[in-house]
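Observations on the model geometry
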Amino acid sequence: AAVPRDLQAVDRCRRLASAHLGHVLSQAPPDFGILPPEGGWQASGPSAALIPCASRPEKLWPEDDWIAVGQRVRAAGLVPVLLWGNVEE
C-alpha cells in the first residue's frame, strides 16, 4: 500500500498496518488509553511530555539539550513533564 513518507510516524504506521490488515482506518485521532494512576501526580496546567529514553545509547541527547527543550516548553506556557526509565535517562 502506498503511504506518504512525510507523515508523522504514528500516523504512517497506523495507515500501513491498516492497509496490510485490510482494516478500515478510523478518522478519529488515536486513543492510546494512557491515564494517570488513581491518586497519581497531575500537571498544574497544559503540559508537554519529555521522554529522554532511546533505543540505543548513541541516540541519547546530552542533558544540556534536554534542559534547553524544557526551557522552551516553559516559555511556551506548558509544564514540562519528564518521564524516564532508569538513572542514566
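Our structure's up above, just so we're on the same page.
A short tour of the structure in this document, coming up. (Residues numbered from 1 in each chain as written. Predicted model: local features only at pLDDT ≥ 70, side-chain atom pairs only at ≥ 80, totals over all residues. Heavy atoms only, no water.)

**So, the packing of aromatic side chains**
What counts is decided by this rule: Side-chain rings of Phe, Tyr and Trp, where Trp is taken by its six-membered ring, are said to pair if the distance between their centres is within 6.5 Å; with planes under 30 degrees apart they count as stacked, over 60 as edge-to-face, and otherwise as tilted.
In the structure shown here, the tally under the stated rule is 1 aromatic pair. Seen from their ring centres, tryptophan 61 and tryptophan 66 are 4.7 Å apart, and the 35 degrees between their planes marks the pair as tilted.

**Some points on the pairing of strand 2 (residues 79-82)**
Which entries qualify depends on this criterion: Relative accessible area decides the class of each residue, using a 1.4 Å probe on protein chains only: under 20% of the type maximum gives buried, over 50% gives exposed, and in between gives partly exposed. Put simply, DSSP H or I for four residues or longer makes a helix, DSSP E for two residues or longer makes a strand, and each gets a number counted from the N terminus. A pair of strands is labelled paired if DSSP reports no fewer than 2 bridges between them. With its strands directed away from the observer, a crossover is right-handed exactly when the path from the first strand over the helix to the second travels clockwise.
Residues Val79 and Val81 line the buried face of strand 2, whereas the alternating positions Pro80 and Leu82 sit on a face that is not buried. Pairing of strand 1 (residues 47-50) with strand 2 involves 4 bridges; the strand directions are parallel. Directly across from alanine 48, in strand 2, lies its bridge partner proline 80. After leaving strand 1, the chain enters helix 2 (residues 63-75) and then returns to the sheet as strand 2, a path that is right-handed.

**Overview of a nonpolar patch on the surface**
Put simply, the rule is: Any residue with relative accessible area above 30% and no salt bridge may belong to a patch, with like charges joined within 9 Å and the nonpolar Val, Leu, Ile, Met, Phe, Trp and Tyr side chains within 5 Å. Values of accessible area rely on a 1.4 Å probe in the Shrake-Rupley scheme; residue burial ignores everything except the protein chains shown. Any carboxyl oxygen of Asp or Glu within 4 Å of a side-chain nitrogen of Lys or Arg constitutes a salt bridge here.
A contiguous nonpolar surface patch, about 340 Å² in accessible area, is contributed by Val10, Phe32 and Ile34. Residue valine 10 is classed as partly exposed on the basis of its relative accessible area, which comes to 33%.

**Focus: the side chain of arginine 12**
Selection rule: Positive charges come from Lys and Arg alone, negative charges from Asp and Glu alone, with His and the N- and C-terminal ends not counted. A contact between two residues is defined here by any heavy atoms of the two lying within 4.5 Å.
Within the secondary structure, arginine 12 sits in helix 1 (residues 9-21). Within the buried core, arginine 12 has no salt-bridge partner, and the shortest N-O distance to an opposite charge, that of aspartate 6, equals 7.3 Å. Excluding residues that lie within four positions of it along the chain, arginine 12 makes contacts with Val3, Pro4, Arg5 and Leu7.

**Side note on the environment of glutamine 27**
Selection criterion: For this analysis, a polar contact is any N or O atom pair within 3.5 Å, provided that within protein one partner can donate a hydrogen and the other can accept it, and provided that sequence-adjacent residues contribute only side-chain to side-chain pairs.
Within the secondary structure layout, glutamine 27 lies in the loop between helix 1 and strand 1. In this structure the side chain of glutamine 27 is engaged in a polar contact, spanning 3.4 Å, whose partner is the backbone oxygen of leucine 25.

**Section: the side chain of serine 18**
Along the chain, the position of serine 18 falls in helix 1. In this structure serine 18 comes out as buried when scored by relative accessible area, which is 7%. If near-sequence neighbours (up to four positions away) are discounted, serine 18 is found in contact with His23 and Leu25.

**Some thoughts on the environment of glycine 85**
As for its placement among the helices and strands, glycine 85 is situated in the segment after strand 2. A relative accessible area of 64% means that glycine 85 is categorised as exposed. Sequence separation of glycine 85 and valine 3 is 82 residues, and the distance between their C-alpha atoms is 33 Å.

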